[in-house]
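Now for the letters of each chain:
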Amino acid sequence: MPARKFTDDQEQEICRRYELDRGCARQLAQEYGVDRTTILKILKRNDVRTRSIKEALGGLTDSQEADVCRRYELEK
């Protein structure tokens, strides 16, 4: 098994920042000097639910988008 790049404390900090600061995996990867997949593996290993690109960038989730469309159709 390859050596881990981060300590448990560092991984917890990455997870905390992803969840609380609404950071995206790409931004965190750039800051920590690793590939985005490394960040995603850390999040998965720590049972952190990842967001879609739309969610990370502040867009609507798929269910929110569907709700908006449904409401629009009802108002026609």
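Just so it is clear, the model here is predicted, and its values are computed rather than measured.

**Q** How should I be thinking about the pattern of salt bridges in this particular structure?
**A** Should their charged atoms come close, side chains of opposite charge can pair. Within the structure shown, the criterion is met by 5 salt bridges. Across the pair Arg-17 and Glu-31 runs a salt bridge, and its minimum N-O distance is 2.7 Å. Placement of the pair is Arg-17 in helix H1 (residues 8-20) and Glu-31 in helix H2 (residues 25-32), with a sequence separation of 14 residues. In this structure, the salt-bridge partner of Arg-71 is Asp-67, at a minimum N-O distance of 2.9 Å. Here the residue Arg-71 and the residue Asp-67 both occupy positions in helix H5 (residues 62-75), the gap between them amounting to 4 residues, near one helical turn. In this structure, a network of salt bridges that share partners links the residues Asp-67, Arg-70 and Arg-71.

**Q** Honestly, the packing of H1 against helix H3 (residues 36-45) in this entry has me stumped. Any pointers?
**A** Packed helix pairs are characterised by how far apart their axes lie and by the angle those axes make with each other. Across the interface, H1 lies against H3 with an axial gap of 10 Å and an inter-helix angle of 95 degrees. The angle between H1 and H3 falls in the class roughly perpendicular. In contact with Glu-11, Ile-14, Cys-15 and Tyr-18 of H1, H3 contributes Ile-39, Ile-42, Leu-43 and Arg-45. When grouped by side-chain class, the residues that make up the contact of H1 with H3 number 6 nonpolar, no polar and 2 charged.

**Q** Got a minute to help me understand the confidence of the model for the protein chain in this structure?
**A** Where the model shows low pLDDT, its predicted coordinates should not be examined in detail. Summary statistics for the protein chain give a mean pLDDT of 85 and a share of 86% for residues scoring 70 or more. Element-level mean pLDDT values for the protein chain span from 67 in helix H4 (residues 53-56) up to 95 in H3.

**Q** Whenever I open this one, the packing of aromatic side chains confuses me. Can you help?
**A** To describe a pair of aromatic rings, you give the distance between the ring centres and the angle between the ring planes. Counted by the stated rule, this structure contains 1 aromatic pair. Here the aromatic rings of Phe-6 and Tyr-32 are separated by 5.6 Å at their centres, their planes lie at 90 degrees, and the arrangement is edge-to-face. Placement of the pair is Phe-6 in the segment before H1 and Tyr-32 in helix H2, with a sequence separation of 26 residues. Phe-6 gets classed as buried once you look at its relative accessible area, which sits at 10%. The ring of Tyr-18 carries Arg-51 above its face, with NZ or CZ at 3.9 Å from the centroid.

**Q** What should I look at first to understand unusual backbone geometry in this one?
**A** Leaving glycine aside, a negative phi is the common case for residues, and trans is the common case for peptide bonds. Unlike most non-glycine residues, Asp-47 shows phi in positive territory, near 55 degrees. Along the polypeptide, Asp-47 turns up in the loop between H3 and H4. Classification of Asp-47 by relative accessible area gives exposed; the value is 75%.

How each quantity is defined
Residues numbered from 1 in each chain as written. Predicted model: local features only at pLDDT ≥ 70, side-chain atom pairs only at ≥ 80, totals over all residues. Heavy atoms only, no water. Salt bridge = Lys/Arg side-chain N within 4 Å of Asp/Glu carboxyl O. Helix = DSSP H or I, 4+ residues; strand = E, 2+ residues; numbered from the N terminus. Axes fitted to C-alpha atoms, helices over the stretch in contact; angles between N-to-C directions. Parallel < 35°, antiparallel > 145°, perpendicular 65-115°, else oblique. Contact = heavy atoms within 4.5 Å. Nonpolar A, V, L, I, M, F, W, Y, C, P; charged D, E, K, R; others polar. pLDDT = per-residue confidence, 0-100. Phe/Tyr/Trp six-rings, centres within 6.5 Å; stacked < 30°, edge-to-face > 60°. Buried < 20%, exposed > 50% of the residue type's maximum accessible area, 1.4 Å probe, protein only. Lys NZ or Arg CZ within 6 Å of the ring centre and 35° of its normal.

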